[in-house]
Structure formats: C-alpha cells, structure tokens
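The chain contents come next:
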Amino acid sequence: MLLDQTSSDMDLMVLPIVGPGGMGKTTFVQLIYNDPAIRKHFELQRWCCVSDDFDVHTIASNICESSEKDREKTLRDLQDIISGKRYLIVLDDVWNRDADKWGKLKTCLRQGGKGSAVLTTTRDSKVAEIMVTGVDEAHSIEKLSEVHLREIVQSRAFSLQNPNSDELDCIFGRIVDRCAGSPLAAKAFGSMLSNKTSMNEWKYTLSKSSICNETSGILPILKLSFDDLPSHMKQCFAFCALFPKDYEINVDLLINLWMAHDFIPAQDGDQPETVGAQIFNELTWRSFFQDVKQTFSHGHPLSESLSLRKRTICKIHDLMHDIALSVMGKECATIVGKPTVNKLLQNPTTPRHVFMSVYGASVVFKKRLIISSLDHLLKKQTAMLQTLFFTDYYHRLDISQYTSLRALHLLGTAYTEQKHLTGQIQHLRYLNLSGHRFAQLPEDISIMYNLQTLDLSYCINLRQLPMDMKYMASLRHLYTHGCKSLTCMPPGIGQITSLQTLTYFVAGASSDCSTIGELGNLNLGGELELSGLENVTETFAKRVRIEQKEKITHLSLNWDFKGEEGSVQMDCHMKVLHALNPHDCLQTLRIVNYRGTTFPSWVTDIRKLQHLTELHLHGCMLCEEFPQFYHFKALEVLYLEKLDKLRSLCSDMVSAPFPALKQLRLKDLKSMERWVATEGKEDQLTFPVLVEINIENCPKLSSLPEAPKIKVIRLDEGKAMLSLGIFKSTRYMTSLSSLELSVHDNETPPQIDSSWDSSQKLRLEDSSQ
C-alpha cells in the first residue's frame, strides 16, 4: 500500500500509525522500514525517535545526521538534504499536539521529491488527526487475535513442549483475556510463567493479575512481571530508569554499572561479568529489554574504523521504562534538554543518579544548563549522589565533593584540565573519560583502589597512563582502544591480576614500560590489540601465552614499521608472529605491517582458525606466501590492503569456496590480477552469499567474480575496467541496490545500460581532473 501511494504524484504523504502502548506499532513500522522493496524505492531513509518533546530542531538534526547548533540553519540544511529526493522518514512515538510545530516541520519536508512519505507512531488519536495528510485517515493497529496471543504465551511458557490438559487450556483462556490483544503483554506474561513449576503457581500468578483496560493499558501485567523478578534483577532493571526513553544502551557498559553499584550477587565460581550477562539475558527473555543488536557505531564516530569488536546495544520499551520510573521515583533525574530542566526546577528532587545529554545545543547553552541544573539538583546532597552520567561533557566539574559517587561517566570531546579529574573519591567503581583530549591523566587516579572500570577509549591525545596503576588492585576493565598516541603501558601492569579486559596494549621501547610478557599473568578476554611489536622479541612474545587465553575473541597484531627492511628485522617479525599463536576459536584476526616473507603455520594450516569470521591483513608488503583464504569456512569478512605480492585469492579451485563470505574489501593490491591462480578456473569461482564488495586501486584486476546475492558494489580505479564490466553484463542487476564508481581516467567512461533500474542507488565520480 505504501509503495502504491508514494508512486503517485503526491509531494508528501503522512501516515500515522495509532494504537495503545505495547500493541506493536514500532515493530510494525520497523518491518516496513527494513523491507528490501522499501529500501530500493526510497533514495533517503531516516528513523527519528521523538517521545515527549517534539523539538523541530532536534528532529531536523537527526534527519541531517549533524550537530549543527544554529536552529534556522539546521532547517535550511534539512531542506537541502531532502530536496528532490524521494524519502521515507519515521517519527516514532509522537505525543505533542502542537499543530504549529508540526506545520513548521512539514513545510520543510515538502521540499522532498514526489512520492515522499512520513510514517509516525502515536498512542494519541488527536495527534494522529493533526498529522494526517494524503490519506483519508490514520491506520489503527488492531488487537492481536486470541489465537496469536495464545501462541505467544505458550511459546514463552513452554520452551520445549506444550502439555495438554483441559485445566491448563482454561487458564490459557483467562491469560489471553488479561493481555487485551497486546503482544508485549503476552510475551511478559508467558515469560513470567516459564519458571513456574506447578498448576497452583500458575493459578496464584493469574489471581494476582487484573484485566487490562483503556485507562491502565497493559501496565498491570508489566508491573506484575516486574514484581515476579528476584530482588537483584529488580534492582538491575529499575536502575535503567536513569536512561532516557529510546536510548541505545551499551550492554557491557550497563553490566559494569551494575557491578559498580553492587547489584550483581556473588556466585561461587562465576565472575560478576558472567552473572551480569545472565541477568541481562533473563531480562531480555522477559521482554524488559528489546531491540538487542550488535553494532560498531556506538559511543564514538571513530569506533567503526578502530574497534575490532562490535558492541551489543539494546533499548527499553516505553511502557517498561515507565515501570522502572515508577520504582525509582525521584532517585533518578534525567536531563535531555531545556524542558526537562524546567520540569526539575518546578519539582525539586533529591536524586542519587543523574543522566544528562544536551546534544545539539550551543556550547554556551550547555554550560549554563549544566551549571544551573547541577547546582539545583546537587548542591545540598553531594554526599548522596552515586551516579553522574554525562553523554556530552562541557563543564569543568570538581568531583571531589561527591564523596559517595560510584559511577562517573564523562563522555566528551572538550579539553579538560587535569585538576578537574582528581579527588579523593574512595567509593568510585566506574570512570568513563572516553573521547577527551588530555595528553595524560593525573597520577593520583592510581589511588582509586576500588575502581573496577576505567574507560579511556578514543582519547586520541593521551600519551601515557599513570605510572602507579599497578596498585589499582580492583581494576577489571581498562578500555584504551582508539588511544593511538599512547607510547607504552605503565610498568607492572601484569600485577593487576583482576584485569579481565585490556583492549589496547602498546609495547614501548623504554625500560620504564611494561613488557608484553606481563600479559601472561592476566586472564584477558574479549578484544585485544597488541601494538609496537617491532619492540618485542620472540622470548617475550612467548611469555604472553596467548594460545591459553581462550576468552580472547578479537585479536590485532600491529607493527609500527619505520626505516628500511632488513633480514634481521624480517626474521624477528616472523619469530614474534609465530610465538603469538592464538587459540583455534578466535573470531577476528587483524595483522598490520608484518614484514615477514611468509606467515607461520598457525595462519596457513587448514586445520587452524576454523571459527574465524573476520580476517584483516594490512601492509604485509614483503609477504610472498599467503593462506588459502577459502580454507576459513566460517569467514564472513575479508579485508586485504597493501599486500604487494598477492596475485590471487585462490591457488586452485575447490568445492564450495567462501561459503560464508559476506563482505570483501581489496585495497592497494598492485599485483593482484586474478581471482584464481589456475588458468581457466576463474569463471568457476562463486561467492554464494557475498552482499558487499569494495575494490580500490587494484590496477591489474579486470573482472568481478560471480556473486548472485551482491547488493553493494564500490569501485575506485584508475581506468574503467571493472566498471565497464558491470554495465556489459546484467548478472549483477537483479540484486544490486547500491553502486558507487570512481574512475580517475575518463578516457573510457562507463556507459549506463538501459536495463539499469533508476530506483537503485548509483553514484558516478570523475576523479580525473
């Protein structure tokens, strides 16, 4: 229906989706938004979460994906970005009935191309009436049928099999009545019943529930589901009231915060991180968390280019968030703009946990807002405050006065003087200073003996860590990825035996630095990047005992190449790499600037690394022998860059090559000329599930492989060789949705074939001038 209507001459269609909370409005719109046909049809797609505050400037900034502070310029930028483009914009969870605000935004949105559409979700029928245009009426989400509700409850309550009894059937009927057509209520109720072992427990749970109505909605069931949680899980979830509605929560960060507040109970034989993950999974199963996914782009704009490991993020359904708020009451203060500050000023509160984000506001406004709100909230209760969580930090804060502080999150990019980071905060367990621009940390951070988590990721100017960090006996997680100015690690880091996470380790040349061998004493897991390996000998590399660290899932081995190659240096590289043999269950491996002529057997042996899903080789310019890449049967991502002597991906054809490969990037491969080395076998090579290929500066490569499911092709080449091949064949056109071509020599520019579908994304760039 949406495609039919937006194919018309209508300049803008606005379609509100209206229905009670928990009825699946957002899920319904997500299915539309992510549909492949929709993605092909619209040139531009954006998803904006609105919630309580319908701020035109904020919505425009989200659509433009910018942080422009001038409100009027943001609106002009919005008109420029959508001008002439057929777009689909989703405004999720709209509450505001101000017709003037909607009119101002709609005036800008009319600058888009014909057939553009805005989908909105709202619980308020009056809001839908204000926004509706282009169609006769809003679309109402109907209640789920009893049959489907019963299926949801049964699938949650009985994960293995559904017992059959008349008494149970009767109870199911009463449960379905309680859910009032809501899939969220059915999931919550079914999950709640899954740990009940007798019919009496089911009856007792049912007796405590009440039928949902128009006034209460499904909140009684959700509150009952919360009340059914063990006490420690109640604490963990209620704490999430700190975050704004629709906030993307980093799960590792959340678990570290739970640990900082002692919400996670001690269990014999299990680390608190493991128990925290179990709590999160249980709460997700019970529908307290939703939209769980993995992504690079969370926390910092550089994360995708520098981080090895994706972060798991999640959201909380609005109604579940309401439950958390009702439990926490005034213990949480969430400041996300001027309206929330005004509300707090009108209703004085004494919070223990404070969240603040004023993204998009001017620097001056941020400082005034932070100062005024913090003075109001915290002046008389500094001894009570336990959490300060800033997502954009623009204020010099003397934290030494907050003597009960357990978690301090100062994510930001503004310069911060050292003296404003110090203080005798003996209870601090969690400290996040990521994204700041200081060159060094104050030495007395080392006396924070209770600190468990220290996040310094993407502090790009940070050159050294405190020299006495070895005394931080409680430290469990040290995040240093993205700190590319670090010259070494402080001495004695191997003495912090509680350390579970160390994302970036630099092997320095000075005697005042930790040697890489100290890592042998640590039980590290997750992501580990070892840099400065030109300063490492085989002896110290063996002491790492990296093959025994089975919790490490993502490994990067980096040499900082300087000067000319020599036989002694090459031999040292080969011995060090051989000594850094990881366990066979490694998921991601990156090797950078390795100067050996061959790879060790643990890289090339067909029996090794069979669980590897990502392989990155960068700057291995002297290497003459490479692994047979198709041997890695689980490989999904392959990045090859500056491998001067690589001539092909395969030495010969094998059955079912690259069965799992989805992304392939080839860059600066000056010798690569074929996909398969064996003559006459190249046409047989097929990438059965490849969806994205990126080839840049591979001058001898003249053809693309067979890839029946390819969706994205990006080519950057001197002469139009690969580009011409695309338009001479129609084999890529059936699945292709995005094509970007950059040709530096336009003697033979690619000609667009008439079979090309104009709805597909095409960008041609002439770089010859």
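From a predicted model like this one, the values you see are computed outputs, not experimental measurements. (Residues numbered from 1 in each chain as written. Predicted model: local features only at pLDDT ≥ 70, side-chain atom pairs only at ≥ 80, totals over all residues. Heavy atoms only, no water.)

## Re the overall build of the chain
The line we're drawing: Runs of H or I in DSSP of at least four residues are treated as helices and runs of E of at least two as strands, each being numbered from the N terminus. When accessible area is computed with a 1.4 Å probe and restricted to protein chains, residues below 20% of their type maximum are described as buried, those above 50% as exposed, and intermediate ones as partly exposed. Residues count as neighbours in contact if any of their non-hydrogen atoms are within 4.5 Å of one another. In this description, accessible areas are obtained by the Shrake-Rupley approach with a 1.4 Å probe, and a residue is regarded as covered only by the protein chains that are shown.
Counting its secondary structure elements, the chain contains 23 helices and 27 strands. Burial status across the chain gives 53% buried among its 769 residues. Across the chain, the fraction of contacts at a sequence separation of at least 24, relative to all contacts at a separation of at least 6, is 63%. Carbon and sulfur atoms form 48% of the exposed surface of the chain, whose accessible area is close to 33,700 Å².

## Quick look at the side chain of Asp228
Examined against the element boundaries, Asp228 turns out to sit in the loop between helix 12 (219–227) and helix 13 (231–238). Among the residues examined, Asp228 registers a relative accessible area of 18% and is labelled buried. Leave out the neighbours within four places in its chain, and Asp228 touches Met192, Asn195, Lys196 and Arg286.

## A word on the packing of helix 8 (residues 146–157) against helix 10 (residues 183–193)
Applied cut-off: Every angle, taken between N-to-C directions, lies between 0 and 180 degrees, and every axis is a line fitted to C-alpha atoms, over only the stretch in contact when it is a helix. The cut-offs work like this: below 35 degrees is roughly parallel, past 145 is roughly antiparallel, 65 to 115 is roughly perpendicular, and the gaps in between are oblique. Two helices cross in a left-handed way if the nearer one is turned anticlockwise from the farther one by less than a right angle. They cross in a right-handed way if the turn is clockwise.
It is the contact of helix 8 with helix 10, at a shortest axis distance of 7 Å, that shows an interaxial angle of 30°. It follows from the interaxial angle that helix 8 and helix 10 lie roughly parallel. Helix 10 is crossed by helix 8, and the crossing has right-handed handedness. Of the residues in helix 10, those touching helix 8 at Leu149, Ile152, Val153, Arg156 and Ala157 are Pro183, Ala186, Lys187, Gly190, Ser191 and Leu193.

## Some words on the side chain of Asn256
Position of Asn256 relative to the elements: it lies in helix 14 (residues 251–260). In contact with Asn256, other than residues within four places in its own chain, are Tyr430, Thr453, His477 and Tyr479.

## Topic: the sheet that holds strand 6 (residues 249–250)
Stated formally: Criterion used throughout: strands pair if DSSP finds at least two bridges between them.
Strand order in this open sheet of 3 strands is 6-8-7, and the pairing throughout is antiparallel. Strand pairing shows two members of the sheet lacking a second neighbour, strand 6 and strand 7 (290–295), which therefore form its edges. With 2 bridges joining them, strand 6 and strand 8 (residues 311–315) adopt antiparallel strand pairing. By the bridge assignment for strand 8, Ile249 is matched with Cys314.

## Points about the sheet that holds strand 3 (residues 87–94)
Taken in spatial order, the 5 strands make up an open sheet running 2-3-4-1-5, and their pairing is parallel. The open sheet has two free edges, formed respectively by strand 2 (44–51) and strand 5 (139–140), since each of these has just one partner strand.

## Concerning unusual backbone geometry
Its identity is not glycine, yet Asp262 carries a phi of approximately 60°, on the positive side. Within the element layout of this structure, Asp262 appears in the loop between helix 14 and helix 15 (272–285). You can call Asp262 partly exposed: its relative accessible area is 46%. With phi around 50°, Asp291 is a residue other than glycine that occupies positive phi space. You can see Asp291 is positioned in strand 7. For Asp291, a relative accessible area of 32% translates into the label partly exposed.

## Some remarks on the confidence of the model for the chain
Regions with low pLDDT carry predicted coordinates that are not meant to be interpreted in detail. Going by this rule: Each residue carries a pLDDT score, the predictor's own confidence in it, on a scale running from 0 to 100.
Predicted confidence across the chain gives a mean pLDDT of 82, with 80% of residues reaching 70 or more. Across residues 414–418, where pLDDT falls below 50, the model places 14 contacts with residues more than four positions away in sequence or in other chains. Within the model, pLDDT remains below 50 along residues 754–761, and this stretch shows 20 contacts once partners closer than five positions in the same chain are excluded.

## Considerations on the packing of aromatic side chains
Short version of the rule: In this analysis, rings of Phe, Tyr and Trp, with Trp reduced to its six-membered ring, are considered paired at centre separations within 6.5 Å, and the interplanar angle assigns stacked below 30 degrees, edge-to-face beyond 60, and tilted for intermediate values. The rule for a charge over a ring is simple: NZ of Lys or CZ of Arg within 6 Å of the ring centre, and within 35 degrees of the ring normal.
Applying the stated criterion across every chain, the model contains 17 aromatic pairs. Through successive ring pairs, a cluster of aromatic residues spans Phe226, Phe237, Phe280, Phe288 and Phe289. Here Arg543 stacks its cationic end above the ring of Phe540, 4.6 Å away from the centre of that ring. The ring of Tyr639 has Arg665 lying over it, and the distance from NZ or CZ to the ring centre is 6.0 Å.

## A word on the pattern of salt bridges
Heads up, the rule is: Here a salt bridge means any side-chain nitrogen of Lys or Arg lying within 4 Å of a carboxyl oxygen belonging to Asp or Glu.
On inspection of all chains with the given rule, the structure shows 24 salt bridges. Of the charged contacts in the structure, one is a salt bridge between Arg429 and Asp262, with a shortest N-O distance of 3.4 Å. Note that Arg429 is positioned in the loop between strand 12 (407–410) and strand 13 (430–432) and Asp262 in the loop between helix 14 and helix 15, a separation of 167 residues in sequence. Across the salt bridge formed by Lys667 and Glu641, the nearest N and O atoms sit 3.9 Å from each other. Here the residue Lys667 occupies a position in strand 23 (residues 663–667), and Glu641 occupies one in strand 22 (residues 637–641), the gap between them amounting to 26 residues.

## Focus on the state of the cysteines
Note the threshold: Two cysteine sulfurs form what is called a disulfide whenever their separation falls within 2.5 Å.
Counted by the stated rule, this structure contains 0 disulfides. Note on Cys49: no disulfide assigned, nearest cysteine sulfur contributed by Cys48 at a separation of 7.7 Å. Note on Cys49: relative accessible area 29%, which makes it partly exposed. Note on Cys332: no disulfide assigned, nearest cysteine sulfur contributed by Cys240 at a separation of 9.4 Å. On the basis of relative accessible area, Cys332 is assigned to the buried category, the value being 11%.

## So, the pairing of strand 20 (residues 588–592)
Taking burial as the measure, the 5 residues of strand 20 include 5 buried ones, the bulk of the element. The side-chain alternation of strand 20 yields two buried faces, one formed by Thr588, Arg590 and Val592 and the other by Leu589 and Ile591. In this structure, strand 19 (residues 552–558) lies alongside strand 20, joined through 5 bridges in parallel fashion. Note on strand 20: the bridge partner recorded for Ser556 is Arg590. As judged from the 5 bridges shared by strand 20 and strand 21 (residues 614–618), these two strands associate in the parallel manner. By the bridge assignment for strand 21, Leu589 is matched with Leu615.

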